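# Working through the structure, step by step
Now for the letters of each chain:
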Amino acid sequence: MSTEQALRDRSESKCELCSATDNLSVYEVPPGSLGGVDDSVLVCSTCKGQIENPETTDANHWRCLNDSMWSQVPAVQVVAWRMLNRLKSEGWPQDLLDMMYLDDETSLWAKATGDHLDDSEKVIHRDSNGATLEAGDNVVLIKDLDVKGAGFTAKRGTAVRGISLVQDNAEHIEGRVNGTRIVILTKFVKKS
């Protein structure tokens with residue numbers, strides 16, 4: 001059975017957020033969704049569009065979360081929690097958030113994208129030119145770097161592909177140079 005069909009069975013062919021029945025599709029809940037039933041929700045085009053494009057969010061549409069936040073499906077709980085956090089400046093979503101319960105694992109999943117944080121609280125990685133770095137980006141070293149403990153120098157101009165971000169430190173990224181995984185200061189790289 002396909003993921004979409006399994007989600008249709010689970011949701012009785014309704015959007016798992018607002019209960020609409022038209023234009024339904026699978027939304028894979030980030031981060032690291034494998035596209036399976038457990039980490040996806042069936043949503044209508046209205047919900048999906050507003051989830052993916054925050055600037056188009058219509059707060060009144062999301063009053064539907066008053067019901068869907070009580071779903072037993074963790075993926076639905078995660079999306080509901082994230083949307084309520086996005087809208088909490090409206091007032092009413094904060095009341096729902098105060099009532100909502102997520103188990104520890106689901107709470108970690110919901111917070112994993114950092115969407116709930118104010119801009120001042122987010123850890124934002126920037127290269128030497130101020131460009132925002134994301135996990136998986138490719139960067140180029142702008143300076144020769146002595147790699148302590150590995151016994152080599154990473155030369156200026158070396159490409160580092162598929163970086164990962166150090167979540168609690170905006171000045172550090174990780175990547176492979178000469179087959180060795182190293183920590184690199186963001187001020188010594190530029191996004192390529």
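Structure first, text after, so check above.
A short tour of the structure in this document, coming up. (Residues numbered from 1 in each chain as written. Predicted model: local features only at pLDDT ≥ 70, side-chain atom pairs only at ≥ 80, totals over all residues. Heavy atoms only, no water.)

### Thoughts on the sheet that holds strand β10 (residues 189–191)
Sheet architecture is open: three strands sit in the order β6-β3-β10, paired in antiparallel fashion. The open sheet terminates on both sides in strands that have one partner only, identified here as β6 (159–160) and β10. With two bridges connecting them, strand β3 (residues 139–141) and β6 associate as antiparallel partners. Directly across from Val140, in β6, lies its bridge partner Ala159. (Pairing = 2+ DSSP bridges. Helix = DSSP H or I, 4+ residues; strand = E, 2+ residues; numbered from the N terminus.)

### Section: the nonpolar core
Judged by nonpolar contacts, the single largest core of 35 residues is most densely connected at Leu17 and Trp62. Listing elements by their share of this core, those giving two or more residues are β1 (24–28), β2 (40–44), α2 (45–52), α4 (74–86), α5 (92–99) and α6 (104–111). Among the elements that line this core, the one with the most residues is α4, at eight residues. When neighbours within four sequence positions are excluded, Leu17 is seen to be in contact with Val43, Cys47, Ile51, Trp62, Cys64, Leu65, Ser68, Val76 and Val79. In terms of nonpolar packing, the next biggest core, distinct from the first, is built from 16 residues, Val160, Leu165, Ile182 and Ile184 among them. (Core = buried A, V, L, I, M, F, W, Y, C linked by side-chain atoms within 4.5 Å. Buried < 20%, exposed > 50% of the residue type's maximum accessible area, 1.4 Å probe, protein only. Contact = heavy atoms within 4.5 Å.)

### Considering the sheet that holds strand β8 (residues 172–177)
Taken in spatial order, the three strands line up as β7-β8-β9 in an open sheet, and their pairing is antiparallel. The outermost strands of the open sheet, each flanked by one partner alone, are β7 (164–165) and β9 (180–185).

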